Amino acid sequence: MSISEENLPYKEKIELKSWPNSTDIDSYRKMHGKSLENIEEHWANVAKELDWFKPWDKVLVADPQPPFYKWFVGGKLNASYLAVDRHANTWRRNKLAIIWEGEPTDSSGNPLEVRKLTYYDLYREVNRLAYAIRSKLGLRKGDTVTIYLPMIPELPILMLALARLGVIFSVVFSGFSAQALADRVMDAKSKVIFTADAFWRRGKVVRLKEVVDEALKGIQFVEKVVVFRRMGLKDTPMVNGRDIWWDELLSDVPMNTYVKPEEIESEHPLYILYTSGTTGKPKGIVHDTGGYMTLLHATMKWVFDIKDTDVYWCTADIGWVTGHSYIVFGPLMEGVTEVMYEGAPDYPTPDRWWRIVERYGVTILYTSPTAIRTFMRYGDDWVKGHDFSTIRILHSVGEPINPEAWKWAWKWLGRGSVPFGSTWWMTETGGILISHAPGLALIPLKPGTNGLPLPGIDADVVDDEGKPVQGKRGYLVIKKPWPGMLMTIWGDPNRYIQVYWSRFPGMYYAGDWAIKDEDGYIWVLGRADEVIKVSGHRLGTYEIESALVSHKAVAESAVVGVPDPVRGEVPVAFVVLKSGVNPSQELVKELRNWVRTAIGPIAEPANIVFVSKLPKTRSGKIMRRLLKQVLMKQPLGDTTTLEDETSIDEAKKAYEELA
Ligand code: WTA
């Protein structure tokens with residue numbers, strides 16, 4: 001059962017009294033309240049723990065005015081320096097930074113490819129690549145590039161090399177299509193693209209370079225495409241003068257090359273990451289350097305309780321924000337040993353992950369509800385007998401975790417004894433804002449909750465008027481700026497104001513429904529807008545609709561997310577065909593494929609329902625809410641604004657016939 005207002009296990013509290021930082025709710029709230037009295041002082045105390053080339057003059061400046069905020073203004077630092085130089089110059093030099101496993105295994109399930117990089121290796125690779133990027137590609141601070149790479153160590157190495165130079169990068173998830181890639185390349189105006197020939201996914205070769213070629217067909221301004229040989233395919237197409245092999249770029253760069261990290265202003269953009277909203281194309285979320293790294297440092301300590309003896313594994317893909325913050329910049333800044341895995345979670349068998357946990361003795365596991373539900377479905381036999389005794393902290397992210405999935409993971413992976421939270425945050429927030437904090441002060445667990453806001457985070461739940469509500473569904477807001485918050489939307493500052501700061505004046509609007517319970521714990525229920533989460537991946541229903549109407553047979557479409565027991569939500573499309581076009585099973589197949597090609601496999605509609613008209617208001621707005629209720633077989637509620645009642649009856653009938 002998914003979590004909803006009616007079925008929250010509010011009262012079920014689990015106290016881990018033997019945990020060193022265990023505390024009660026009142027003490028935590030007192031500490032939290034104190035942190036909010038002076039957020040500048042609070043965050044400055046965290047930021048002090050980073051290495052700055054030049055200290056800041058002002059902690060927080062509204063520039064030019066709210067809601068544009070700048071953190072640690074006047075300060076200079078470098079994210080690449082924090083993640084590699086700091087460790088390569090200390091005893092951590094020979095400590096493992098990344099343990100990477102490729103997907104292929106031998107017949108007994110042992111990985112065929114494992115790469116282990118120490119902090120010194122990482123330092124060397126980052127420096128060499130930064131040198132090549134600057135001297136051979138001519139990239140400089142403030143330039144923008146696009147990265148389209150799979151889960152291989154070259155991805156973090158590249159991100160750190162670019163950060164070293166102040167080159168702003170946009171990583172595009174390797175599961176996105178050519179069209180999605182093209183949109184993002186165009187919006188960021190990247191002159192250089194970094195990619196790979198191919199990678200492994202579920203035993204299949206995914207040829208990435210071809211996707212890049214397809215994406216660049218209509219784009220003139222891209223000057224160079226750098227290609228990493230992940231598979232060493234012999235037949236990778238290379239465009240003369242434009243494409244260059246990664247190894248050739250590095251071939252004459254000496255091992256001991258050093259590139260002095262640029263002294264980057266705190267508010268200089270580190271990266272752009274595109275994410276879906278209610279309308280329009282994905283927005284380029286811009287993150288700064290100083291504030292972002294400060295929030296990551298705080299959360300690595302508070303939420304993950306990171307220690308030098310840990311083996312940390314965040315199972316996300318770096319193509320999404322979780323990977324940016326909690327595979328690349330957060331853990332490496334802390335000098336952690338971390339695991340990185342290329343392939344599918346259940347390949348070749350559903351215990352692939354548990355073998356990885358055992359092989360490296362993973363102590364901290366950060367994963368997603370959808371992964372947990374997938375493993376639950378495979379059954380207990382696949383977890384039984386595996387050794388989880390090393391795991392000391394579990395966390396989940398990406399969507400609400402239903403209490404059943406929480407309990408299953410806690411019992412098996414957490415052996416009924418470790419801290420386990422559901423960390424709430426978004427691409428826009430940069431890092432975790434609401435979460436249990438076992439590294440700081442651990443309050444009682446409740447299966448499925450997000451817990452209390454972290455110190456310095458003024459999160460609340462409000463009603464339509466912006467007034468706080470408790471015990472009732474409302475909107476999640478953040479009432480004070482925080483370091484790590486997005487700076488703006490790339491190239492569209494007005495949209496930044498309109499999307500996040502206009503719903504409730506003076507408050508950041510997250511776009512989530514949430515409930516605050518009697519203890520003040522926050523339970524995020526899901527999106528309050530047209531965004532859906534498919535297997536934790538964020539998609540806009542609007543993007544899927546746009547893809548559908550670009551097909552020659554489609555006149556109109558409305559897409560809604562419906563609950564799915566494993567994937568959380570899946571898109572279902574209502575489609576009005578152009579006159580003269582007849583619905584058929586072939587057309588359903590074709591349209592589903594069309595969306596896959598336009599956006600990527602994750603966006604493929606689970607169902608396509610043909611109707612002759614869509615439910616609309618008198619002013620012509622599609623009433624997706626009603627369609628969702630049809631799909632969920634719920635009472636429709638208020639339909640007075642509906643222009644034509646028969647549209648809903650038809651949708652109902654069409655859906656029932658389908659089922
Ligand atoms: C949802 C992912 C409930 C939420 C880091 C948010 C969650 C959206 C949780 C952002 C959680 C993320 N519990 N819901 N622990 N974490 N969400 O930008 O709806 O991909 O608004 O960032 O994911 O998704 P995004």
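This one's a predicted model, so the numbers in the text were calculated from it and none came from an experiment.

Participant: Let's hear about the overall build of the chain: which residues, and what values?
Facilitator: The secondary structure content of the chain amounts to 18 helices and 30 strands. Here the C-alpha atoms of the chain give a radius of gyration of 24 Å, agreeing with the 26 Å that 2.2 N^0.38 yields for 659 residues. Across its three principal axes, the chain shows a C-alpha extent of roughly 70 × 65 × 60 Å. Evaluated residue by residue, the chain yields a buried proportion of 62% over its 659 residues. In the chain, of all internal contacts separated by at least 6 residues, the share reaching a separation of at least 24 is 72%. Summing over all exposed atoms, the chain offers an accessible surface of approximately 25,000 Å²; the carbon and sulfur share of this is 50%. Looking at the chain, you have 81 positive and 83 negative side-chain charges, and the mean spots of the two groups are 1 Å apart.

Participant: Outline the site of the ligand, supporting the account with residue identities and numerical values.
Facilitator: As a structural note, the neighbourhood of the ligand is formed by 18 residues, with T427, D512, R527, K533 and R538 the closest of them. Contact distances for the ligand include 2.8 Å between a nitrogen atom and a side-chain N or O atom of S422. A distance of 2.5 Å separates an oxygen atom of the ligand from a polar atom in the side chain of T427. Protein coverage of the free-state accessible area of the ligand, which is 520 Å², stands at 98%. Every element with two or more residues in the shell around the ligand is listed here: α10 (321–333) and β25 (522–527). Tallied by class, the residues present in the shell around the ligand amount to seven nonpolar, six polar and five charged.

Participant: Which residues make up unusual backbone geometry, and what values do they have?
Facilitator: Of note, the bond from D63 into P64 is cis; its omega dihedral lies within 30 degrees of zero at 5°. Here P64 shows up in the loop between β1 (58–62) and β2 (69–73). For K189, which is not a glycine, the phi torsion comes out positive at approximately 50°. At S535, a position not held by glycine, the phi torsion is positive, near 50°. Assignment of secondary structure puts S535 in the loop between β26 (531–534) and β27 (537–540).

Participant: Summarise the confidence of the model for the chain; cite the residues concerned and give the values.
Facilitator: Put simply, the chain has an average pLDDT of 96, and 100% of its residues get 70 or more. Our summary of model confidence lists the complex with pTM equal to 0.97 and ipTM equal to 1.00.

Participant: Can you explain the nonpolar core? Please cite residues and give values.
Facilitator: Formed by 171 residues in total, the largest nonpolar core has its most connected members in W43, L122, I133, F304, Y312, Y326 and F329. Residue contributions to this core peak at nine residues, all from helix α5 (residues 154–165). Among all residues touching W43, those that are not within four sequence positions of it are W71, F72, T294, L295, A298, W302, P455, G456, I457 and P483. If you look at the next biggest cluster of nonpolar residues, it comprises 43 residues, including V225, L539, L548 and A603.

Participant: An account of the sheet that holds strand β5 (residues 114–118) is needed here, citing residue identities and associated values.
Facilitator: Spatially, seven strands are ordered β5-β4-β17-β16-β18-β19-β20 in an open sheet, and the strand pairing comes out mixed. Pairing within the sheet leaves two strands with one partner each, and these edge strands are β5 and β20 (420–422). Here the average twist between neighbouring strands, direction ignored, is 15°. Of the strand pairs in this sheet, strand β16 (residues 311–314) and strand β18 (residues 364–367) are connected by three bridges, and their pairing is parallel. Note that in β18 the partner of Y312 across the bridge is I364.

Participant: I'd love a proper account of the side chain of E103, names of residues and values included.
Facilitator: Tracing the chain through its elements places E103 in the loop between β4 (96–101) and β5. Of the buried charged residues, E103 lacks a salt bridge, with R201 as the closest side chain of opposite charge at 5.5 Å. Polar contacts involving the side chain of E103 include one to the main-chain amide nitrogen of R202, which spans 2.7 Å.

Participant: I'd love a proper account of the packing of aromatic side chains, names of residues and values included.
Facilitator: Taken as a whole and judged by the stated rule, the model has 40 aromatic pairs. Taking the centre distance of 6.1 Å and the plane angle of 85° together, the rings of W353 and W354 count as edge-to-face. Overall, W353 belongs to the buried group, its relative accessible area being 4%. Among the aromatic side chains, those forming a connected cluster through ring pairs are F68, Y69, W482, Y496, Y500, W501 and Y508. A cation over an aromatic ring shows up here: R115 above the ring of W100, its NZ or CZ 5.9 Å from the ring centre. Over the ring of Y475 we find R503; its NZ or CZ atom is 4.8 Å from the centre of that ring.

Participant: Break down the UniProt feature "domain: Acetyl-coenzyme A synthetase N-terminal" (unreviewed entry) in the chain for me, citing the residues and quoting the values.
Facilitator: In the numbering used here, UniProt assigns the feature "domain: Acetyl-coenzyme A synthetase N-terminal" (unreviewed entry) to residues 28–82. When the span residues 28–82 is considered, its composition is 42% helix and 22% strand, and the gap between its end C-alpha atoms is 30 Å.

Participant: Can you lay out the pattern of salt bridges for me, pointing to particular residues and giving the numbers?
Facilitator: Pairing is possible between side chains that carry opposite charge, provided their charged atoms lie close to one another. Evaluation of the coordinates by the stated rule reveals 53 salt bridges. Note that D308 and K95 form a salt bridge whose closest N and O atoms lie 2.6 Å from each other. Placement of D308 in the loop between α9 (290–302) and β16 and of K95 in the loop between α3 (79–88) and β4 is noted, with a sequence separation of 213 residues between them. Judged by relative accessible area, which is 11%, K95 ranks as buried. The salt bridge partner of K613 is E650, with a shortest N-O separation of 4.0 Å. Linking K613 in the loop between β30 (607–611) and α17 (624–631) with E650 in helix α18 (residues 645–658), this pair joins segments that are 37 residues apart in sequence. Bridged by salt links that share partners, the residues K13, K446, D517 and D519 form one connected network.

Participant: Could you give an account of the environment of P453, naming the residues involved and the relevant values?
Facilitator: Checked against the element boundaries, P453 lands in the loop between β20 and β21 (459–462). Under the relative-accessibility criterion, P453 is labelled buried at 6%. Along the chain, P453 and I432 lie 21 residues apart, while their C-alpha atoms are 9.2 Å from each other. Aside from chain neighbours lying at most four places away, what touches P453 is Y28, H32, L433, I434, A459 and I522.

Participant: Break down the UniProt feature "domain: AMP-binding enzyme C-terminal" (unreviewed entry) in the chain for me, citing the residues and quoting the values.
Facilitator: Within this structure's numbering, the places UniProt gives as "domain: AMP-binding enzyme C-terminal" (unreviewed entry) are residues 543–621. Helix makes up 27% of residues 543–621 and strand 33%, whereas the separation of the span's terminal C-alpha atoms amounts to 16 Å.

Participant: Account for the sheet that holds strand β22 (residues 474–478), naming residues and giving values.
Facilitator: One key point about sheets: their strands pair by backbone hydrogen bonds, in either a parallel or an antiparallel sense. In space, the four strands of this open sheet follow the order β21-β22-β24-β25, with antiparallel pairing throughout. Each having just a single partner strand, β21 and β25 make up the two edges of the open sheet. Here the average twist between neighbouring strands, direction ignored, is 45°. For β22 and strand β24 (residues 508–516), the ladder comprises four bridges, and the chain directions are antiparallel. Bridge assignment links V477 to a residue of β24, and that residue is Y509.

Reading the values: rules and limits
Residue positions are given per chain, counting from 1 as you read along its sequence in written order. Since the coordinates come from a predicted model, pLDDT governs what is reported: local features require at least 70, and pairs of side-chain atoms require 80 or more to be given and counted, while whole-chain, interface and lining totals use all residues. Water and hydrogen atoms were dropped before computing side-chain values, which therefore reflect all heavy atoms in the structure. Numbering of helices and strands runs from the N terminus; a helix is a DSSP stretch of H or I covering at least four residues, while a strand is a stretch of E covering at least two. C-alpha atoms define the radius of gyration, and 2.2 Å times the number of residues to the power 0.38 defines the globule rule. Residue burial is assigned from relative accessible area. The probe radius is 1.4 Å, only protein chains are included, and a residue is buried under 20% of its type maximum, exposed over 50%, and partly exposed in between. When checking whether two residues touch, look at their non-hydrogen atoms; a contact exists if any pair is within 4.5 Å. Under the convention used here, a 1.4 Å probe and the Shrake-Rupley method define accessible areas, while residue burial counts only the protein chains that appear. In this tally, Asp and Glu contribute negative charge and Lys and Arg positive charge; neither His nor the terminal groups of the chain are included. For charged residues, the charge sits on one atom: NZ in Lys, CZ in Arg, CG in Asp, CD in Glu. The near set for a molecule or strand comprises every residue that places at least one heavy atom within 4 Å of it. Here a polar contact means two N or O atoms within 3.5 Å. Within protein one must be a hydrogen donor candidate and the other an acceptor candidate, and residues neighboring in sequence count only if both atoms are side-chain atoms. Under the convention adopted here, Pro, Cys and the residues Ala, Val, Leu, Ile, Met, Phe, Trp and Tyr are nonpolar, Asp, Glu, Lys and Arg are charged, and Gly plus all remaining residues are polar. What pLDDT reports is the predictor's confidence in each residue, on a scale of 0 through 100. Definition used in this section: a nonpolar core is a set of buried Ala, Val, Leu, Ile, Met, Phe, Trp, Tyr and Cys residues joined via side-chain atoms within 4.5 Å. Any two strands with at least two DSSP-identified bridges between them are counted as paired. Think of each axis as a best-fit line through the C-alpha atoms, taken over the contacting stretch in the case of a helix, with angles from 0 to 180 degrees between the N-to-C directions. Any Lys or Arg side-chain nitrogen found within 4 Å of a carboxyl oxygen on Asp or Glu counts as a salt bridge. Each Phe, Tyr or Trp ring, with Trp reduced to its six-membered ring, pairs with another whose centre is within 6.5 Å; inter-plane angles below 30 degrees give stacked pairs, above 60 give edge-to-face pairs, and intermediate values give tilted ones. Either the NZ atom of lysine or the CZ atom of arginine qualifies as a charge over a ring when it sits within 6 Å of the ring centre and within 35 degrees of the ring normal. UniProt positions are given in the numbering used here, feature names are shortened, and annotations may be inferred rather than shown by experiment.

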